[in-house]
Amino acid sequence: MLTQLERRGIRDTRVLEAMRKVKRHHFVDPAFRDRAYDDTPLPIDEGQTISQPYVVARMTSLLELQPSDKVLEIGTGSGYQAAIIAELAHKVFSIERHMSLLQKARKALDEQAYTNVVLKQGDGTIGWAEFAPFDKIIITAAAPKFPKTLFSQLKDQGLMIFPMGEMRMQELVLIQRNGEEAIMKEVGQVSFVPLVGREGWANNTV
Ligand code: SAH
């Protein structure tokens, strides 16, 4: 898997090291375990997916994580992306709307002794005001529009990355906060499940 990531242009050695260290099979359904190290997304419960390793590596490296960073993730899913961030940052706060996924992720993270990942069930589009502001924010589901509340919980000069757009394909957007201004860069095409919530897609549209 690492050779594939390097071949596709992931050069950040800290990210590659984290990808080497975190064992993806712990986060994958037993039925798909033999495919845990393929560079492909895989189904998890509730009709959701664990992201493709290349996309995890790319989004992580674009966040330029520092060991002191406090990071907010929306869409815990399997907990795999949270584990990768936990290797590179100080603390990860991650929100998942499905309780069943949250419980499985908690178990997988506990089994691997990730003590710096805090999880909660809820609508991540409204963020986590209690622990804001965050150095970095990552949304691992597709937002229909600019996520205003999450942006307001980002530190000045902080970075936020998320897929934005329609159901099947989205543009990966990297934002840097500069005062009240968002400096926006499009960094490629991705395919994520929809972000469902108050500032996401309505439940009945997906
Ligand atoms: N980061 C995950 C990938 C998750 S897929 C991993 O590494 O496995 C996207 C997840 O976002 C799904 O589990 C979905 O339930 C969740 N999600 C969608 N909308 C959400 C919202 N408003 N708040 C929190 N989680 C949400």
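Throughout what follows, the structure given in this document is the object of discussion. (Residues numbered from 1 in each chain as written. Predicted model: local features only at pLDDT ≥ 70, side-chain atom pairs only at ≥ 80, totals over all residues. Heavy atoms only, no water.)

## Things to note about the overall build of the protein chain
A tally of regular secondary structure across the protein chain gives six helices and nine strands. The C-alpha extent of the protein chain, read off along each of the three principal axes, is 45 × 40 × 30 Å. Buried positions account for 51% of the 206 residues belonging to the protein chain. In the protein chain, of all internal contacts separated by at least 6 residues, the share reaching a separation of at least 24 is 53%. Only carbon and sulfur atoms are counted for the fraction: they give 50% of the accessible area of the protein chain, which is about 9,700 Å². Charge centroids of the protein chain, computed over 26 positive and 26 negative side chains, lie 2 Å from each other. (Helix = DSSP H or I, 4+ residues; strand = E, 2+ residues; numbered from the N terminus. Buried < 20%, exposed > 50% of the residue type's maximum accessible area, 1.4 Å probe, protein only. Contact = heavy atoms within 4.5 Å. Areas by Shrake-Rupley, 256 points an atom, 1.4 Å probe, with all protein chains shown as cover. Lys, Arg positive; Asp, Glu negative; His and termini not counted. Charge placed at Lys NZ, Arg CZ, Asp CG, Glu CD.)

## A look at the sheet that holds strand S3 (residues 70-74)
Taken in spatial order, the seven strands line up as S5-S4-S3-S6-S7-S8-S9 in an open sheet, and their pairing is mixed. Strands at the two margins of the open sheet, each flanked by one partner only, are strand S5 (117-121) and strand S9 (181-190). For this sheet, the mean inter-axis angle between neighbouring strands, taken without regard to orientation, is 15°. On the sheet, helix H3 (residues 53-62) packs against strand S6 (134-139), strand S7 (154-164), strand S8 (170-178) and S9 and is oriented at approximately 160° with respect to S7. (Pairing = 2+ DSSP bridges. Axes fitted to C-alpha atoms, helices over the stretch in contact; angles between N-to-C directions.)

## A look at the site of the ligand
Inspection of the region around the ligand gives 27 residues, with Ser78, Glu96, Asp123, Gly124 and Val196 positioned closest. Ser78 is positioned such that a nitrogen or oxygen atom in its side chain is 2.6 Å from an oxygen atom of the ligand. Separating an oxygen atom of the ligand from a backbone N or O atom of Gln81 is a distance of 3.0 Å. Burial of the ligand by the protein amounts to 99% of the accessible area it has alone, namely 580 Å². Taken atom by atom, the bulk of the ligand overlaps the largest pocket. Looking at the shell around the ligand, the elements that each hand over two or more residues are strand S2 (49-50), S3, helix H4 (80-88) and strand S4 (91-96). (Near = heavy atom within 4 Å. Polar contact = N/O pair within 3.5 Å; in protein donor to acceptor, adjacent residues only side chain to side chain. 1 Å grid on protein atoms, 1.4 Å probe; cavity = no way out; pocket = protein on both sides within 12 Å on 5 of 7 lines; lining within 4 Å. Sits in = over half its atoms within 2 Å of the grid points.)

## Some remarks on the packing of aromatic side chains
Following the criterion strictly, the structure yields six aromatic pairs and no others. Each ring, one from Phe93 and one from Trp128, has its centre 5.4 Å from the other, and the planes form 80°; the classification is edge-to-face. Separated by 35 residues along the polypeptide, Phe93 in strand S4 and Trp128 in the loop between S5 and S6 bring together distant segments of the chain. Of the residues examined, Phe93 reaches a relative accessible area of 3% and is grouped as buried. (Phe/Tyr/Trp six-rings, centres within 6.5 Å; stacked < 30°, edge-to-face > 60°.)

## Digging into the pattern of salt bridges
Pairs can form between side chains of opposite charge once their charged atoms are near each other. Under the criterion given, the structure shown has ten salt bridges. Across the salt bridge formed by Asp39 and Arg8, the nearest N and O atoms sit 3.5 Å from each other. Of this pair, Asp39 sits in the loop between helix H2 (13-21) and strand S1 (42-43) while Arg8 sits in the loop between helix H1 (2-7) and H2; the two residues are 31 residues apart in sequence, bridging distant segments of the chain. In this structure Asp39 comes out as buried when scored by relative accessible area, which is 18%. Taking the relative accessible area as the measure of exposure, Arg8 reaches 46% and is therefore partly exposed. The salt bridge involving Lys21 is made with Glu87; its shortest N-O contact spans 3.1 Å. Linking Lys21 in helix H2 with Glu87 in helix H4, this pair joins segments that are 66 residues apart in sequence. By relative accessible area, which is 24% here, Glu87 ends up partly exposed. (Salt bridge = Lys/Arg side-chain N within 4 Å of Asp/Glu carboxyl O.)

## Here's the deal with the pairing of S9
Relative to S9, S8 runs antiparallel, the two being bridged by eight bridges. What sits directly across from Val173, in S9, is Glu186. In textbook terms, the turn of a hairpin is the stretch between consecutive antiparallel strands, and for S8 and S9 this stretch comprises two residues, one of which, Gly179, has a positive phi near 65°.

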